[in-house]
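Analysis of the macromolecular model
Listed below are the residues making up each chain.
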Amino acid sequence: MSVEAGERAPDFTLRDQNGQKVTLSSFRGRQNVLVVFYPFAFSPICTGELCQVRDDLPRYQNPDLQVLAVSVDSPWALKRYAQAEGYEFPLLADFWPHGEVARAYGVFNDISGMANRGTFLIDKEGVVRFAEMNAPGEARDQSVWQKAIAEVGA
């Protein structure tokens, strides 16, 4: 079962595509955070979704909001992915222990060894305000994210 709206978001520290540690709780009191779990770098649906974020980045990354994209890929794969697609937001590696953060959020797919498409909007106090999980192969509707972001005033 995935984390639901109203619950405290599980904290985590992961490395981004540049090897830098990113800790969710470090944003507390400063920014809301949109955590976007996706199955794999370079896969078609994931690339389409993250390119939408890239192309509308000020909506997802601004003084009131930070986007964090999380997959089970290695930091090295994420570095190449960010370079290839021009992503200027953190791609976090939930590589080892494999899928530990995705498991904490209830979006890890034990059968395929990847994160399902889970999206969580976490407010400045660390509480989940929006949560969704899409099945493998099912793209997300980002207008739903944008509505949730507007509701928290980010």
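Read on for an overview of the structure. (Residues numbered from 1 in each chain as written. Predicted model: local features only at pLDDT ≥ 70, side-chain atom pairs only at ≥ 80, totals over all residues. Heavy atoms only, no water.)

Quick look at the overall build of the chain now. In terms of regular secondary structure, the chain is built from five helices and nine strands. Along the chain, helices (α) and strands (β) appear in the sequence β-β-β-α-α-β-α-β-α-β-β-β-β-α when read from the amino end. Against the globule reference of 15 Å for 154 residues, the chain gives a C-alpha radius of gyration of 14 Å, in line with a compact fold. The principal-axis extent of the C-alpha atoms belonging to the chain is close to 35 × 30 × 30 Å. Split into buried and exposed, the 154 residues of the chain put 51% on the buried side. (Helix = DSSP H or I, 4+ residues; strand = E, 2+ residues; numbered from the N terminus. Rg over C-alpha atoms; globule rule 2.2 N^0.38 Å. Buried < 20%, exposed > 50% of the residue type's maximum accessible area, 1.4 Å probe, protein only.)

This brings us to the packing of aromatic side chains. For the structure shown, the criterion picks out nine aromatic pairs. Each ring, one from Y38 and one from Y81, has its centre 6.4 Å from the other, and the planes form 40°; the classification is tilted. In this pair, Y38 sits in the loop between β3 (32-37) and α1 (44-55) while Y81 sits in helix α3 (residues 75-85), placing the two residues 43 residues apart along the sequence. Each member of the pair, Y38 as well as Y81, is classed as buried. By relative accessible area, which is 0% here, Y81 ends up buried. The structure contains a cluster of three or more aromatic residues connected by ring pairs, namely Y38, F42, Y81, Y87 and F89. (Phe/Tyr/Trp six-rings, centres within 6.5 Å; stacked < 30°, edge-to-face > 60°.)

Along β3, six of the six residues are buried, which leaves the element largely enclosed by surrounding structure. Alternating positions in β3 separate into two faces, N32, L34 and V36 on one and V33, V35 and F37 on the other, with burial throughout. Inspection of the sheet shows β3 paired to strand β4 (residues 65-71) by six bridges, in the parallel sense. Its bridge partner being in β4, F37 is matched across the sheet by V70. Two elements, β3 and strand β8 (residues 117-122), share four bridges in a ladder whose sense is antiparallel. Looking at β8, one finds that L34 is bridged to L121. (Pairing = 2+ DSSP bridges.)

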